[in-house]
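Spelled out from the first residue to the last, the chains are:
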Amino acid sequence: MYKSYSKLIEAGTDEAGRGCLAGPVTAAAVILPSDFKNDIINDSKQLSEIKRKLLKPIIEKDASCFGVAHIYPDVIDKINILNASILGMHKALEQLTSPIEHIIVDGNKFKPYNDVPHQCIIKGDSKYLSIAAASILAKTYRDAYMEQIHEEFPMYNWKKNKGYPTKEHREAIRKYGVTKYHRTSFRLLPEQLKLEL
């Protein structure tokens, strides 16, 4: 199922939380040793929360190196979610302690990083182990952050919805308004686009 993109020292990168109404977009970058094997790793969206939490310390221990970066709503609102996602990936790549010779990116958009050759791969998290590992770290670190800020604003139930636009989350925005953790540039409620004529 998984293949290696090249024989170079390769970093896989991915993000989590792009479609959320609240909280950061979180990116991770991972370089795995060439002999790394793990039968459970898959795209984090295909894994249960229990499996992701189980894999996080394994990836952290066995990876050659990894980096994780949060980009917060104030920046997302300034530069838009796509640019924020790419910025997060760049910041995660900056934390890697091994030299990077090649970058593989989940998705179809990326901006060059330090002149390192890169390849965008649609559904890369289901094709390349390092991208799958990055997707798991991005998701688990972001979930932990959302659970933390849930304590401050429990009425939005971020512990459960992680900031995604669930019916319950939207009802809470309608009832309590927005917080400093909400992305004000996003359409937080469906009727926001209706004009009062």
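Here the structure is a predicted model, which is why all the values come from computation and not from measurement. In every chain, residue numbers begin from 1 and rise along the written sequence. Totals for whole chains, interfaces and linings use all residues, but because this is a predicted model, local features are given only for residues with pLDDT of at least 70 and pairs of side-chain atoms are given and counted only at 80 or more. As a rule here, side-chain values cover all heavy atoms of the structure and leave hydrogens and water aside.

Colleague: What's the story with the overall build of the chain in this structure? I'm lost.
Modeller: From N to C terminus, the chain includes six helices and five strands. Reading the chain from its N terminus to its C terminus gives the helix and strand order β-β-α-β-α-α-β-β-α-α-α. For the radius of gyration, the atoms used are the C-alpha atoms, and the globule rule reads 2.2 Å times the number of residues raised to 0.38. In terms of overall size, the chain behaves like a compact globule, its C-alpha atoms giving a radius of gyration of 17 Å where 197 residues would be expected to give roughly 16 Å. Taken across its 197 residues, the chain has 49% of its residues classed as buried. Here a helix means four or more residues in a row that DSSP labels H or I, a strand means two or more in a row labelled E, and each is numbered from the N terminus. Burial classes: relative accessible area under 20% of the type maximum marks a residue as buried, over 50% as exposed, and values in between as partly exposed (1.4 Å probe, protein chains only).

Colleague: Would you take a moment to explain the sheet that holds strand 1 (residues 10-16) for this structure?
Modeller: Each strand in a sheet pairs with another by means of backbone hydrogen bonds, the pair being arranged parallel or else antiparallel. The sheet built from five strands is open, its strands ordered 3-2-1-4-5 with mixed pairing. At either end of the open sheet lies a strand with only one pairing partner, and these are strand 3 (65-71) and strand 5 (118-121). The average undirected angle you get between the axes of adjacent strands in this sheet is 20°. By the convention used here, strands pair only if DSSP detects at least 2 bridges between them. Bridge count for strand 1 against strand 2 (residues 25-31) is six bridges, and the pairing is antiparallel. Across the sheet, residue Thr13 finds its bridge partner in strand 2, namely Ala29. Along the sheet, helix 3 (residues 81-94) makes contact with strand 1, strand 2, strand 3 and strand 4 (102-106), crossing strand 2 at roughly 35°. Each axis is a line fitted through C-alpha atoms, and for a helix only the stretch in contact is used; angles between axes span 0 to 180 degrees, taken between their N-to-C directions. In this analysis, two residues are considered to be in contact whenever any of their non-hydrogen atoms come within 4.5 Å of each other.

Colleague: I tried to follow unusual backbone geometry on my own but got confused; where do I start?
Modeller: In this model, Asn80 sits at a positive phi of 80°, which is unusual for a non-glycine residue. Note on placement: Asn80 falls in the loop between helix 2 (73-79) and helix 3.

Colleague: Is there a simple way to think about the packing of aromatic side chains in this case?
Modeller: Two rings from Phe, Tyr or Trp (for Trp, the six-membered ring) form a pair when their centres sit within 6.5 Å of each other. Planes less than 30 degrees apart are called stacked, planes more than 60 degrees apart edge-to-face, and all others tilted. Tallied over the full model, the rule gives eight aromatic pairs. Residues Phe153 and Tyr156 carry aromatic rings whose centres are separated by 6.3 Å and whose planes lie at 70° to one another, so their mutual orientation is edge-to-face. As far as burial versus exposure is concerned, Phe153 and Tyr156 are alike and both buried. Ring pairs connect the aromatic residues Tyr72, Tyr145, Phe153, Tyr156, Trp158, Tyr176 and Tyr181, which therefore count as one cluster.

Colleague: Can you walk me through the environment of Gly88 in this structure?
Modeller: Tracing the chain through its elements places Gly88 in helix 3. A sequence separation of 17 residues divides Gly88 from Ile71, and the C-alpha atoms of the two residues are 5.9 Å apart. If we ignore the near neighbours within four places in the chain, the residues touching Gly88 are Ala27, Ala69 and Ile71.

Colleague: Which parts of the structure should I look at to understand the pairing of strand 2?
Modeller: Successive side chains on a regular strand alternate, one facing one side of the sheet and the next facing the other. In terms of residue burial, strand 2 counts as a mostly covered element, since seven of its seven residues are buried. Burial along strand 2 is two-sided: the residues Val25, Ala27, Ala29 and Ile31 and Thr26, Ala28 and Val30 are all buried. When strand 2 meets strand 3, the two strands line up antiparallel, connected through seven bridges. Bridging from a neighbouring strand, Ile31 pairs with Cys65 of strand 3.

Colleague: What am I meant to see in the pattern of salt bridges here?
Modeller: For side chains bearing opposite charge, pairing can occur when the charged atoms are close. Salt bridges are counted wherever a side-chain nitrogen of Lys or Arg sits within 4 Å of a carboxyl oxygen of Asp or Glu. Per the counting criterion, the structure on display carries nine salt bridges. For the salt bridge of Arg52 with Asp143, the shortest nitrogen-to-oxygen distance reads 3.8 Å. Of this pair, Arg52 sits in helix 1 (residues 49-62) while Asp143 is found in helix 4 (residues 129-150), placing the two residues 91 residues apart along the sequence. Like Asp143, Arg52 is buried. Several salt bridges converge on common partners, so that one network encompasses Arg52, Lys139 and Asp143.

Colleague: Would you explain the packing of helix 1 against helix 4 in this entry?
Modeller: Working note: a packed helix pair is described by the angle between its axes plus the distance between those axes. One can describe the packing of helix 1 onto helix 4 by two numbers: an axis separation of 9 Å at closest approach and a directional angle of 115°. As summarised for this structure, helix 1 and helix 4 are arranged roughly perpendicular, according to the angle between their axes. The chirality of how helix 1 crosses helix 4 is left-handed. Within the contact between the two elements, helix 1 uses Glu49, Arg52, Lys53, Leu55, Lys56, Ile59 and Glu60 and helix 4 uses Ala133, Ile136, Leu137, Lys139, Thr140, Tyr141, Asp143 and Glu147. We call Asp, Glu, Lys and Arg charged. Ala, Val, Leu, Ile, Met, Phe, Trp, Tyr, Cys and Pro are nonpolar, and the rest, Gly among them, are polar. Its residues assigned to classes, the contact of helix 1 with helix 4 comprises six nonpolar, one polar and eight charged. Here the angle decides the label: under 35 degrees means roughly parallel, over 145 means roughly antiparallel, 65 to 115 means roughly perpendicular, and every other value means oblique. Less than a right angle of anticlockwise turn of the near helix away from the far helix marks a crossing as left-handed, whereas a clockwise turn marks it as right-handed.

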